[in-house]
Amino acid sequence: MKSASRVPTSSSASQPNVRVAAGETDEAARLYGLYLKESPNDAAAHAEYATLLRTRAELPGASRRQREAALDAISTAVRKNSDSLKLRRMLALTLLELGQLGTARQEIVILR
């Protein structure tokens, strides 16, 4: 019988990273989601989660829904890490890919 998964605590917040390193991106995304519900102010975890979802959204065959999930995660990560140029670039690119040109332009202006 499989034991129930637990939400990562602050001492186990690195569990998603271990899953990513093992190539288990679906499980990593699930663990990040659980962790961020319990620790919504963890800016670094938001950035890592956004990067993971963006990487998955770039894969061949990624759905629009996956790209939109990445956009939501990236937007949140930018709010939590407002000085991160890497996240802002990621946000602008994702917005462009989803056809949200006006909002993408706003992000590009911020990057200048």
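Residues numbered from 1 in each chain as written. Predicted model: local features only at pLDDT ≥ 70, side-chain atom pairs only at ≥ 80, totals over all residues. Heavy atoms only, no water.

**Side note on the pattern of salt bridges**
So, point 1. Within this structure, the stated rule accounts for 7 salt bridges.
So, point 2. Arg54 is paired through a salt bridge with Glu58; the nearest N and O atoms lie 3.1 Å apart.
So, point 3. Residue classification places Arg54 among the buried residues on the basis of a relative accessible area of 5%.
So, point 4. The shortest N-O distance in the salt bridge between Arg64 and Glu68 comes to 3.0 Å. A residue pair is termed a helical-turn pair when its members lie 3 or 4 positions apart in one helix, as Arg64 and Glu68 do in helix α4 (residues 64–80) at 4 residues.
So, point 5. Three or more residues joined by partner-sharing salt bridges are found here, namely Arg54, Glu58 and Glu97. (Salt bridge = Lys/Arg side-chain N within 4 Å of Asp/Glu carboxyl O. Buried < 20%, exposed > 50% of the residue type's maximum accessible area, 1.4 Å probe, protein only. Helix = DSSP H or I, 4+ residues; strand = E, 2+ residues; numbered from the N terminus.)

**Here we look at the packing of aromatic side chains**
So, point 1. For the coordinates displayed, the defined rule picks out 1 aromatic pair.
So, point 2. The interplanar angle of 45° and the centroid separation of 5.8 Å between the aromatic rings of Tyr32 and Tyr49 together place this pair among those described as tilted. Placement of the pair is Tyr32 in helix α2 (residues 25–38) and Tyr49 in helix α3 (residues 43–57), with a sequence separation of 17 residues. (Phe/Tyr/Trp six-rings, centres within 6.5 Å; stacked < 30°, edge-to-face > 60°.)

**Some details on the nonpolar core**
A general tendency of soluble globular proteins is for nonpolar side chains to be buried together.
So, point 1. With 24 residues, the main nonpolar core has Tyr49, Ala50, Leu53, Ile74, Leu87 and Leu91 as its most contacted residues.
So, point 2. Looking at this core, the elements that each hand over two or more residues are α2, α3, α4 and α5 (85–97).
So, point 3. Broken down by element, this core gets its largest block of residues, 7 residues, from α3.
So, point 4. Excluding anything up to four places from it in sequence, Ala50 contacts Ala73, Ile74, Ala77, Leu87 and Met90. (Core = buried A, V, L, I, M, F, W, Y, C linked by side-chain atoms within 4.5 Å. Contact = heavy atoms within 4.5 Å.)

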